[in-house]
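These are the residues of each chain, in order.
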Amino acid sequence: MIVAFSVSPSGAAEDGGVSEAVSRAVRVVRESGLPNSTNAMFTNIEGEWDEVMAVVKAAVEAAGEGSARVGLVLKADIRPGFDEGQLSAKVERIEQHLQP
């Protein structure tokens, strides 16, 4: 499965930013060893259901350190038979269609 998730803790910095808190979540994901990528809006992580959800939970907890509340947006692509390499394979299939 691939999960795209975004965390947003309450009590942001004076400028309204949450980058410090979000970086704690991203660190958890990267240290998990699971395939992942981060963009301006979401962090994507690929793996088996239980391992991915455990990492998401740990990432939310890390982002929420010192906050009274954390918002979580999560989208999952659960596609049996497509277990590995889909983070890049999905993009490659789109790029093939974009070729002239």
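All values reported here derive from a predicted model rather than from experimental measurement. (Residues numbered from 1 in each chain as written. Predicted model: local features only at pLDDT ≥ 70, side-chain atom pairs only at ≥ 80, totals over all residues. Heavy atoms only, no water.)

Examining the overall build of the protein chain
Piece 1. When helices and strands are counted, the protein chain shows three helices and four strands.
Piece 2. Dimensions of the protein chain, computed from the C-alpha atoms along their principal axes, are close to 45 × 35 × 20 Å.
Piece 3. Expressed as a percentage of its 100 residues, the buried residues of the protein chain come to 27%.
Piece 4. For the protein chain, contacts bridging at least 24 residues in sequence account for 69% of all contacts bridging at least 6. (Helix = DSSP H or I, 4+ residues; strand = E, 2+ residues; numbered from the N terminus. Buried < 20%, exposed > 50% of the residue type's maximum accessible area, 1.4 Å probe, protein only. Contact = heavy atoms within 4.5 Å.)

Quick look at helix 1 (residues 19–31)
An α-helical segment advances 3.6 residues per turn. Residues three or four places apart therefore align on the same side.
Piece 1. For helix 1, with 13 residues, the first-to-last C-alpha span of 18 Å sits near the 18 Å given by 1.5 Å per residue.
Piece 2. Every buried residue of helix 1 is accounted for by Ala-21, Ala-25, Val-26 and Val-29. Each buried residue of helix 1 sits inside an arc of 140 degrees when the element is viewed along its axis, so together they form one side. Helix 1 presents Ser-19, Glu-20, Arg-30 and Glu-31 as exposed residues on the side facing more than 90 degrees away from its buried surface.
Piece 3. Where helix 1 is buried, its residues touch strand 1 (2–9), strand 2 (36–38), strand 3 (43–46) and helix 2 (49–63).
Piece 4. Where helix 1 ends, the next residue or the one after it, Gly-33, has phi of about 85 degrees, a positive value. (Expected span 1.5 Å × (residues − 1). Arc of directions from axis to C-beta.)

Comments concerning the nonpolar core
Piece 1. With 14 residues, the main nonpolar core has Val-3, Phe-5, Val-7, Val-29, Ile-45, Val-52 and Val-56 as its most contacted residues.
Piece 2. Among the elements of the structure, strand 1, helix 1 and helix 2 are those that each provide at least two residues to this core.
Piece 3. The residues touching Val-3, leaving out its near neighbours within four places in the chain, are Thr-43, Asn-44, Ile-45, Val-52, Met-53, Val-56, Leu-74, Lys-75 and Ala-76. (Core = buried A, V, L, I, M, F, W, Y, C linked by side-chain atoms within 4.5 Å.)

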